[in-house]
Amino acid sequence: MILKSGIFEPNKHGYNENVDVDLLNAWNAIVSHSPQYPEGFFQYSLHISDSLGAFRGLPTTSHESCNFRSYTLPESSQAKVSVVISFHNEARSMLLRTIVSLIRRTPEEYLHELIIVDDKSQDATLLDDLKRWLGRVFATQSRLGLIFLTNQERRGLIWSRNRGAILASGHYILFLDSHCEVNDGWLKPLLERLALNPHMAVSPLLDLIDPETLSYRRGNEMLKGGFDWSLHFHWLKRRLGRKERPEAPYKSPSFSGGVLMISREWFLKLKFFNPNLKIWGGESIELAIKLWLCGGQIEIVPCSRIGHIFRRFHAFEFPSERDFTELNSPERSSAQSTYLHNSKIIAESWLDEYKNMFYALKPAAKGIPLNDTTTEELQQFKHERDCHRFQWYLWNVSPELRFNLEKLSATGTLQNEDRCLYARNQKDSKKGRQLILNSCYSKDITQWSLWSTGQLSTQRELCLGVGLGRRLSLEPCARTETLRQAQQWVRTGTHLMHTATHLCLDNPIKDQLELNPCRSQAVSQSFQFALEMERQT
Ligand code: UDP
Ligand code: MN
């Protein structure tokens, strides 16, 4: 194994210089025992990861003022940090670089322990190799605690993070993914905010490590984390207040990813990540809602930067669960079933009457069985902590979700007799989408929203309109009054009439859709939304 020169920069935090030599040996030993993986296994370049070395310099991505200001910090004896990393099938070089960046870029006096959980990875000897080498390099030379845990069975990220948190003994816990690099000075800006408010949870601004090239790019500080009514994560635009500087910490409705830091005591009081959530998905949205509603806050702190690989697809399989067998139909993958199950728990736990919005958009969630023994516990918790109702979140934390609701007339699937309006992707992507009727239960059946502007849009913000030759079309939703005219609909009973042409949406034959003169009794022109907003009635 050849290590690039210059990988080991001057040691900034006063670790013994021998550490570098030992670390070099550790890297060689760990990475050279890497099993063979098929191309694309990790959804990032394994080859580049292996050749980058254990440590590399990173560009400064935070605002220059971040380095010059001094931070008001608690005594290190009062601010010990436990880092919890759970991984399932991570490349050896990637995991090691994550760990080394932490050790090298965190002031020694604050870094209390690393808790590394192997969630039953295929590479069965990885954790032992790590244990042996990291123990040799660090445990003897610093006071850093190292805890290595292996799950006998695959338990998923949520369970594993909770397992790590139970064992943590620091004042704060940082939850980190296993494919990150922390940037210089990441800790202090976060600690400062946490020390100011013990009920705070913070996220660094996540920089982007490109999965193909592993190049490190600046993340966008004008974005905050949020979610839509189907409980999928979305980036939302951050608006700067008057005199607010972009590098100042800002409130966020949800975390911008799974990387977050919180006081251990507070996390315990919040009863961890909801242990009923399975494997992966929804846990940071759940924690975010719980935090906001039950006396906490979330901030993103742009002076703190941590790089994370955002992958386009999951690099791991979701085990199919026994109780999901019915739901794991060939039409729905195990990943989708798990996500649906977890989202349903969030909706049932926190959304109050607004859960109807969720079910309108995710009707398949209705059929998912939940273990309801936990409801009582949850009610007690909400009572003890005097948690707000979800409506409070809409008014005080995420106006985006509320605006979305206020401007909505109806939403969900759009049903004509026993089938639903479906915007199907065509094989030739240039051809756009084809509009047909399809089974309402097909896995990607389109969810429509009818807005107060008269526009009828898909979740991908394509609007149903009428183009040349009075043909139905799906185009990006128009923002101006004039352009909007071709995309406006009014409802007369259950008919959908195109305002400009006075023609009605119709299903004259088979699965086809057309525009035809309106006939008030025609069943083929009757379209019903899964959910009508109250104002309509
Ligand atoms: N992970 C895990 N067990 C699982 C699935 C994921 O421990 O069953 C780990 C994974 O290795 C990673 C973290 O959980 O460190 C978050 O997963 P991922 O990065 O795939 O999620 P994303 O960042 O894409 O949201
Ligand atoms: Mn990740």
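Residues numbered from 1 in each chain as written. Chains lettered and ligands numbered in written order. Predicted model: local features only at pLDDT ≥ 70, side-chain atom pairs only at ≥ 80, totals over all residues. Heavy atoms only, no water.

- Under an unreviewed UniProt entry, the name given to the protein chain is Polypeptide N-acetylgalactosaminyltransferase, and the source organism is Drosophila ananassae.
- The record held by UniProt for the protein chain lists under Subcellular location (unreviewed entry) the comment "Golgi apparatus membrane".
- Taken verbatim from the UniProt record of the protein chain, the Cofactor (unreviewed entry) comment is "Mn(2+)". (UniProt positions renumbered as here; feature names shortened; annotations may be inferred.)

**Things to note about the packing of helix α9 (residues 283-293) against helix α10 (residues 334-350)**
- It is at 10 Å that the axes of α9 and α10 come closest, and there the two elements cross at 10°. The pairing of α9 with α10 is recorded here as roughly parallel in orientation. Between α9 and α10, the contacting residues are I285, E286, I289, K290 and L293 on the first element and Y339, I346 and W350 on the second.
- Taken together, the residues of the contact of α9 with α10 break down into six nonpolar, no polar and two charged. (Axes fitted to C-alpha atoms, helices over the stretch in contact; angles between N-to-C directions. Helix = DSSP H or I, 4+ residues; strand = E, 2+ residues; numbered from the N terminus. Parallel < 35°, antiparallel > 145°, perpendicular 65-115°, else oblique. Contact = heavy atoms within 4.5 Å. Nonpolar A, V, L, I, M, F, W, Y, C, P; charged D, E, K, R; others polar.)

**Side note on the state of the cysteines**
- Scanning all chains against the criterion turns up five disulfides.
- What pairs with C66 in a disulfide is C303, and their sulfur atoms sit 2.0 Å apart. One quick way to see it: the torsion about the S-S bond of C66 and C303 is about -75°, and its sign makes the bridge left-handed. Taken together, the residues C66 in helix α3 (residues 64-68) and C303 in strand β12 (residues 297-309) connect sequence positions 237 residues apart. (Disulfide = S-S within 2.5 Å.)

**Some words on the pattern of salt bridges**
- Summed over all chains, the structure comprises 28 salt bridges.
- Between R105 and D184 there is a salt bridge, and its shortest N-O distance comes to 3.1 Å. A residue pair is termed long-range when its members are at least 10 positions apart, and R105 in helix α4 (residues 92-105) and D184 in the loop between β5 (180-182) and α7 (187-196) qualify at 79 residues.
- We note a salt bridge from E247 to R245, for which the minimum N-O separation is 2.7 Å.
- On the basis of relative accessibility, which here comes to 8%, the residue E247 falls in the buried class. (Salt bridge = Lys/Arg side-chain N within 4 Å of Asp/Glu carboxyl O. Buried < 20%, exposed > 50% of the residue type's maximum accessible area, 1.4 Å probe, protein only.)

**A few points about the sheet that holds strand β20 (residues 489-492)**
- In space, the four strands of this open sheet follow the order β20-β21-β22-β23, with antiparallel pairing throughout. Two strands close off the open sheet at either side, each with one partner strand: β20 and β23 (514-517). Adjacent strand axes in the sheet meet at a mean angle of 45° when their direction is disregarded.
- Judged from the four bridges that link them, β20 and strand β21 (residues 495-498) form a sheet pairing that is antiparallel. Counterpart to V490 in the pairing with β21 is M497. (Pairing = 2+ DSSP bridges.)

**Regarding the coordination of the manganese ion (ligand 2)**
- Around the manganese ion (ligand 2), the protein contributes the donor atoms D177 (OD), H179 (NE2) and H308 (NE2), which lie 2.1 to 2.2 Å from the metal centre.
- Each donor residue of the manganese ion (ligand 2) lies on one chain, and together they are spaced D-x1-H-x128-H. Both residues of the pair, D177 and H179, belong to the buried class. (Donors = N, O, S within 2.8 Å, 3.2 Å for Na, K, Ca; no water.)

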